[in-house]
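What the coordinates show
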Amino acid sequence: MRGLSMRWHAGRLAAAGFRPELFDYASVTVDPERAIPRLVDVLSRASCHVVGHSLGGVLALSTLRRHAGLPVSRVVCLGSPLCGSAVARDAGGGPWRRMTVGRSAPVLQRGCPEMPDGIEVGMVAGDRPLGLGQLFGRVEGPHDGTVALAETRPPGLRDHVVVPASHSGLLFSVPAARQVLSFLQTGRFLHAA
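One structure accompanies this document, and this report is about it.

Procedures and definitions
Residues numbered from 1 in each chain as written. Predicted model: local features only at pLDDT ≥ 70, side-chain atom pairs only at ≥ 80, totals over all residues. Heavy atoms only, no water. Buried < 20%, exposed > 50% of the residue type's maximum accessible area, 1.4 Å probe, protein only. Helix = DSSP H or I, 4+ residues; strand = E, 2+ residues; numbered from the N terminus. Pairing = 2+ DSSP bridges. Polar contact = N/O pair within 3.5 Å; in protein donor to acceptor, adjacent residues only side chain to side chain. Contact = heavy atoms within 4.5 Å. Expected span 1.5 Å × (residues − 1). Arc of directions from axis to C-beta. Phe/Tyr/Trp six-rings, centres within 6.5 Å; stacked < 30°, edge-to-face > 60°. Axes fitted to C-alpha atoms, helices over the stretch in contact; angles between N-to-C directions. Parallel < 35°, antiparallel > 145°, perpendicular 65-115°, else oblique. Left-handed = near helix turned anticlockwise from the far one by under 90°. Nonpolar A, V, L, I, M, F, W, Y, C, P; charged D, E, K, R; others polar.

With 6 of 7 residues buried, strand β3 (residues 120-126) lies mostly within the body of the structure. Taken together, the 5 bridges between strand β2 (residues 72-78) and β3 define a ladder with parallel strand orientation. Note on β3: the bridge partner recorded for Val 76 is Gly 122.

Turning to the side chain of Glu 151, a few remarks are in order. The residue Glu 151 is located in the loop between α7 (133-136) and β4 (159-163) in this model. Residue class for Glu 151 comes out buried when judged on its relative accessible area of 10%. One polar contact links the side chain of Glu 151 to the main-chain amide nitrogen of Ala 86, over a distance of 2.9 Å. Setting aside residues up to four positions removed in sequence, Glu 151 forms contacts with Ser 80, Pro 81, Leu 82, Cys 83, Gly 84, Ser 85, Ala 86, Arg 89 and Thr 146.

As a further point, take helix α8 (residues 174-186). For α8, built from 13 residues, the straight-helix expectation of 18 Å at 1.5 Å per residue is met to within 8% by its first-to-last C-alpha distance of 18 Å. Among all positions of α8, only Ala 176, Ala 177, Gln 179, Val 180, Ser 182, Phe 183 and Leu 184 are buried. Residues of α8 that are buried sit in contact with α1 (7-15), β1 (48-53), β2, β3 and β4. The residue sitting at the N-terminus of α8 and contributing the capping side-chain oxygen is Ser 173; that oxygen lies 3.0 Å from the backbone nitrogen of Ala 176. With its phi angle positive at about 80°, Gly 187 sits one or two positions after the end of α8.

Within the span of helix α2 (residues 36-43), buried status applies to Ile 36, Leu 39, Val 40 and Leu 43. For α2, the angular spread of buried residues about the axis comes to 100°, placing them on one side. Residues of α2 that are buried sit in contact with β1, α3 (55-66) and β2.

Turning our eyes to something else, we now look at the packing of aromatic side chains. Under the counting rule described, the total for this entry stands at 2 aromatic pairs. Ring geometry for Phe 183 versus Phe 189: centroids 4.9 Å apart, planes at 35°, classification tilted. Residue Phe 183 is classed as buried on the basis of its relative accessible area, which comes to 0%. Judged by relative accessible area, Phe 189 falls into the buried class, the value being 6%.

Let us now look at the packing of α1 against α8. Interaxial distance between α1 and α8 falls to 10 Å at its minimum, and their mutual angle equals 50°. Classified by the interaxial angle, the pair formed by α1 and α8 is oblique. The interaxial crossing formed by α1 with α8 has right-handed handedness. Side by side, α1 and α8 meet where Trp 8, His 9, Arg 12 and Leu 13 of the first sit next to Val 174, Ala 176, Ala 177, Val 180, Leu 181 and Leu 184 of the second. Residues of the contact of α1 with α8, tallied by class, amount to 8 nonpolar, 1 polar and 1 charged.

Here it is as structure tokens:
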């Protein structure tokens, strides 16, 4: 998805006193690896946090692993398949793959199962099995319609929380936004007692 997909979350973060900057890249038509030099440039400007949905979280963490020392303190992933995406593997070649994951297939299949050193990483996952992802591949166990909960739980996460949202719904979920804000402010999610 393009940078505008995070606009709603950016508005919520701005209202809480953060200064969000949207990062845009063509995730389906262009190899996401081409976005990494621009992302490094943006992340090296000042101390910051990162919030990424799906591939955005995978790409951010992969970049931070490769470019250690960037001034990033916390990363919140929204439904990112950090353990690799079965849907991306199952989409195979041909027209379905071009329409759904495009040039991002290898990155999504691989994920980013190892966390970057010195950065607190949190995952907000959804559990509403609604969405087109399951039409293009198998999603085993509880999932958000595209990403299985198990794919969002690599070792080394600082915290993990599940909210009632589908994969795309995480982009406009009030519970997800509350969790993002909590993690950026405290390094922890809000868990029910």
